[in-house]
Amino acid sequence: WETVTFSMVSAEDLERMAFPKDKAILRIKNPLSQEQEVLRPTALVGLLGAIRHNLNRKEKDLAFFEVSRRFYQGHEEEVLALAVTGEWMRNWAARQDAGFFYLKGLVENIFKAAGRKMPEWKEAEVWPGTFNQTLVLEGPMGFRMTHVGRVSDEALKGWDILQPVFAAEILLDDLLKMPRVARKFAELPKFPSARRDIAFLINRDISIGQIESALRTAAGERLTRVQLFDLYEGKNIPKDKRSLAFSLQYQKPDGTFTDDEIQGLHASAVEGLRQAFSIELRQ
């Protein structure tokens, strides 16, 4: 659902969401009221207000977006703000929370819909006190164009929100500066693909994107799909590592793989990953 909220907010609203006080806040010299004394530095302040309003009326499953402007550190910027809470799917067959990775997927779909190249996600701290578990996308010059995070318990408490909220903000002008993705078309494959799985321990600070890139480099163009299907952290796993499992799909356009071909191709992918990151294979 689309929201339309005011560009002018109260200083109290920013305190509620634990917005960092060291950021430059643009105050209005002659505000009409105390509720409109500051130009908002983020559109998320309006979304949190909309979420609280709906939760107070027994609407628990919410997904909001707003295209508007923020006034951050002396700059006026057009942004797309997103916020989700509750469940995004609920039917007789399944129920699914609208969590961190659901929102991250929405942001990735926005880049795809815009036909823009999406940089690699990176862990970074954004507005300490307001967000936990934050990922960012950086543009070519290192500027942050997107962040996705879990709104902190402190900020939710300030808004009297009693369930988890996940929010994102995208700088639209910067997104549209990203290179366009060239579209390619190919015939449907005439021969069956082959699938192999790989499970391993790896350092926690190595991203999924880095792993996928290493696999594709090692296996070459015949590796047509890489899909993460299991991630485990916790009991019996060292604190600085995590267990991952990937499904790899191989395809060639001119025939069916023999057993020796697919075993050799998969061994090359595994060895390339091992050399790049010193992984520990699991059975």
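Cut-offs used in this document
Residues numbered from 1 in each chain as written. Predicted model: local features only at pLDDT ≥ 70, side-chain atom pairs only at ≥ 80, totals over all residues. Heavy atoms only, no water. Helix = DSSP H or I, 4+ residues; strand = E, 2+ residues; numbered from the N terminus. Expected span 1.5 Å × (residues − 1). Buried < 20%, exposed > 50% of the residue type's maximum accessible area, 1.4 Å probe, protein only. Arc of directions from axis to C-beta. Contact = heavy atoms within 4.5 Å. Pairing = 2+ DSSP bridges. Salt bridge = Lys/Arg side-chain N within 4 Å of Asp/Glu carboxyl O. Polar contact = N/O pair within 3.5 Å; in protein donor to acceptor, adjacent residues only side chain to side chain.

Here we look at helix α7 (residues 259–277)
Compared with an ideal rise of 1.5 Å per residue, which puts 19 residues at 27 Å, α7 spans 27 Å between its outermost C-alpha atoms and is within 8% of the ideal. By the burial criterion, the buried members of α7 are Ile262, Leu265, His266, Ala269, Val270, Leu273 and Phe277. For α7, the angular spread of buried residues about the axis comes to 130°, placing them on one side. Residues Asp260, Gln263 and Gln275 are exposed on α7 and point more than 90 degrees away from its buried face. Looking at the packing, one finds that the buried side of α7 touches β12 (194–203), α6 (208–219), β14 (241–250) and β15 (280–282). Just beyond α7, the residue with positive phi is Ser278, at close to 55°.

Description of the pairing of β14
Consecutive residues of a regular strand have side chains that alternate between opposite faces of the sheet. Counting buried residues along β14, 8 of its 10 residues qualify, which places the element largely inside the surrounding structure. Relative to β14, β12 runs antiparallel, the two sharing 10 bridges. When the bridges of β14 are listed, Phe200 appears paired with Leu244. Across 8 bridges, the pairing between strand β13 (residues 223–232) and β14 is antiparallel. Its bridge partner lying in β14, Arg225 is registered against Gln249.

Brief notes about the pattern of salt bridges
Tallying each qualifying case throughout the model produces 18 salt bridges. The residue Arg69 makes a salt bridge to Glu76 at a minimum N-O spacing of 3.7 Å. Asp174 is paired through a salt bridge with Lys177; the nearest N and O atoms lie 3.7 Å apart. Classification of Asp174 as buried rests on a relative accessible area of 14%. Residue classification places Lys177 among the exposed positions, given a relative accessible area of 61%. Overlapping salt bridges, with partners in common, bring together Asp61, Glu87, Arg90 and Arg95 in one network.

Remarks on the side chain of Ser10
For Ser10, the location among the structural elements is in the loop between β1 (8–9) and α1 (11–16). The class for Ser10 is buried, based on a relative accessible area of 7%. Engagement of the side chain of Ser10 in a polar contact is seen with the backbone nitrogen of Asp13, the distance being 3.0 Å. Contacts of Ser10, omitting those with residues within four sequence positions, involve Gln34, Glu35 and Glu37.

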